[in-house]
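Each chain, letter by letter, is given below.
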Amino acid sequence: MSSPAEFYNSLPPISKAYGTLCLVTTTLATLKLLPIYYIALIYEQVFFRLQVWRLLTNFIFLGPFSINFGIRLLMILRYGVQLENGPFNRRTADFLWMMIFGSSTLLVLAAIPFFESYFLGVSLVFMLLYVWSREFPNANINIYGLVQLKAFYLPWAMLALDVIFGSPIAPDLCGILAGHLYYFLTVLHPLAGGRNILQTPMWLRKMVAKYKIGALVYTQTQPAGNTGGVFRGRSYRVGG
C-alpha cells in the first residue's frame, strides 16, 4: 500500500493542482485567514472595480469542511484523475483546455439569474463528472451500496440525490450544461461529420510544453467506431 505522500505525488498535474487549491482555500477560510468575500464571483466588483481575480478564485472554493465538501473533493480525485490518466493521458494541454472552456462556460451561465452563484467550484466538479460519465458510459457505479447503475446515468442520479437532500440543483445543472456542450463540440459533432471547432490552442500547448506540465508528447485522439446509441464514449490510440 502506498503512503499518502506517494499517492499524492502519483496524481496527474491538473487534477492534483485543482484539488490542492480547493483544499487549501477551504482550510484558509476555516481558519479565518481568507475572507471568502474577496474570492467570490461578484460581477459588479469585476467590472466596476476591476477585481478580475474573482473570475478565477471563485472556482477553488467548494464550501466549508463538510460531507458535501468531502464528496466534491473525492469526485476530483476519482473522476478528474481517471479522465486525466485515461482519455486525456499524455494530453495535458487538452485536459487543461477542457477545464478552461468549462470554466468560461460556467461564468457565462452564472450571469443568468437562475444560475447565479458566488462560487462555481461545485459546478466545475460536476462538469468533470459529466464528461467522465460520457467517456466511461458502461462503468458500473454503486451509490452508497444501495443502487447500482451505469456511469452514463451518474450525473442525473447525483442531481436527484441533491434534490432529495434539499441541496440546490442549479450548480449541478450548470455543470451538466457545460460538460455536455464540451462533449458535443469535441466528440458528438465531429462523429456526426462536423468539424471540431474547439481545438486546443497552440499557445496552450506551447505553455504546457515550456513548463513541462504532465507528459510532453501529444497524441491525436481517435473517435470510436460506429457503436451506435448513447453508450459510446471514445477510444484512443497512443503512439500515432
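Everything numeric in this text was worked out from a predicted model, so none of it was measured.

## Considerations on the overall build of the chain
Counting its regular elements, the chain contains 10 helices and 4 strands. In sequence order, the chain lays out its α and β elements as α-α-α-α-α-α-α-β-β-α-α-α-β-β. Per-residue burial over the chain gives 45% buried out of 240 residues. Just so you have it, the chain exposes about 12,900 Å², and 67% of that area is on carbon and sulfur atoms.

## Some points on the nonpolar core
Grouped together as the largest cluster of nonpolar side chains are 54 residues, with contacts concentrated most on Tyr-18 and Met-98. Elements with a contribution of two residues or more to this core: α2 (13-30), α5 (67-85), α6 (92-109), α7 (121-135), β1 (140-143), α8 (154-164), α9 (170-191) and α10 (202-210). Not counting residues within four places of it along the chain, the set of residues in contact with Tyr-18 comprises Phe-59, Ile-60, Leu-62, Ile-76, Met-99, Gly-121, Leu-124 and Val-125. Core analysis: the next-biggest nonpolar cluster, separate from the first, contains 6 residues, Ala-29, Ala-40, Phe-61 and Phe-119 among them.

## Considerations on the UniProt feature "transmembrane region" (unreviewed entry) in the chain
Per the UniProt annotation, the sites labelled "transmembrane region" (unreviewed entry) are residues 17-43, 55-77, 97-130, 151-169 and 181-198. End-to-end, the C-alpha atoms of residues 17-43 are 26 Å apart, and along that stretch the chain is 56% helix and 0% strand. Secondary structure content for residues 151-169 is 58% helix and 0% strand, and the end C-alpha separation is 19 Å.

## Notes on the environment of Cys-174
By the secondary structure assignment, Cys-174 is in helix α9. With 58 residues separating them along the chain, Cys-174 and Glu-116 place their C-alpha atoms 9.9 Å apart. Apart from the residues within four sequence positions on either side, Cys-174 is in contact with Leu-106, Leu-109, Phe-115 and Ser-123.

## As for α7
One turn of the α-helix equals 3.6 residues, which is why residues spaced by three or four share an orientation. In this model, α7 (15 residues) spans 21 Å end to end at C-alpha, consistent with the 21 Å of a helix rising 1.5 Å per residue. With 15 of its 15 residues buried, α7 lies for the most part within the structure.

## Points about the confidence of the model for the chain
When pLDDT is averaged across the chain, the result is 89; 89% of the residues are at 70 or more. Long-range and interchain partners of residues 217-231, a stretch whose pLDDT sits below 50, account for 32 contacts in this model, where long-range means more than four residues apart.

## Focus on unusual backbone geometry
Among all residues except glycine, the phi angle is most often negative; among peptide bonds, the trans geometry is most common. Within the chain, Leu-50 stands out as a residue other than glycine whose phi angle is a positive 55 degrees. As for its position among the elements, Leu-50 is in the loop between α3 (43-48) and α4 (54-57). Here Lys-212, not a glycine, exhibits a phi torsion of approximately 55 degrees, which is positive. Within the element layout of this structure, Lys-212 appears in the loop between α10 and β3 (221-222). The exposed category is assigned to Lys-212, whose relative accessible area is 63%.

## Some thoughts on the environment of Gln-199
Mapped onto the fold, Gln-199 is located in the loop between α9 and α10. Spatially, the C-alpha atoms of Gln-199 and Thr-186 are 7.9 Å apart, while their sequence positions differ by 13 residues.

## Digging into the pattern of salt bridges
Taken as a whole and assessed by the stated rule, the structure comprises 3 salt bridges. Residue Arg-72 is joined to Asp-162 by a salt bridge in which the shortest nitrogen-to-oxygen separation is 3.4 Å. Here the residue Arg-72 occupies a position in helix α5, and Asp-162 occupies one in helix α8, the gap between them amounting to 90 residues. With relative accessibility at 8%, the residue Arg-72 sits in the buried group. Close ionic contact of Asp-94 with Arg-205 constitutes a salt bridge, the shortest N to O distance being 3.2 Å. You can see Asp-94 sitting in helix α6 and its partner Arg-205 sitting in helix α10, a full 111 residues away along the chain. Across the pair, Arg-205 and Asp-94 agree in class, each one buried. Shared partners join several salt bridges into a network, and the residues in it are Arg-91, Asp-94 and Arg-205.

## Remarks on the layout of surface pockets
Counted as a void, the largest pocket has a volume near 460 Å³. Along its surface, the largest pocket is lined by 16 residues, and Leu-56, Leu-96, Met-99, Ile-100 and Ser-103 are the ones closest to its centre. Elements that contribute at least two residues to the lining of the largest pocket include exactly α2, α4 and α6. A per-element tally of the lining of the largest pocket places α6 first, with 6 residues. Split into classes, the residues belonging to the lining of the largest pocket amount to 14 nonpolar, 2 polar and no charged.

Criteria and cut-off values
Residues numbered from 1 in each chain as written. Predicted model: local features only at pLDDT ≥ 70, side-chain atom pairs only at ≥ 80, totals over all residues. Heavy atoms only, no water. Helix = DSSP H or I, 4+ residues; strand = E, 2+ residues; numbered from the N terminus. Buried < 20%, exposed > 50% of the residue type's maximum accessible area, 1.4 Å probe, protein only. Areas by Shrake-Rupley, 256 points an atom, 1.4 Å probe, with all protein chains shown as cover. Core = buried A, V, L, I, M, F, W, Y, C linked by side-chain atoms within 4.5 Å. Contact = heavy atoms within 4.5 Å. UniProt positions renumbered as here; feature names shortened; annotations may be inferred. Expected span 1.5 Å × (residues − 1). pLDDT = per-residue confidence, 0-100. Salt bridge = Lys/Arg side-chain N within 4 Å of Asp/Glu carboxyl O. 1 Å grid on protein atoms, 1.4 Å probe; cavity = no way out; pocket = protein on both sides within 12 Å on 5 of 7 lines; lining within 4 Å. Points joined across faces, edges and corners; volume = space filled by probe spheres on them. Nonpolar A, V, L, I, M, F, W, Y, C, P; charged D, E, K, R; others polar.

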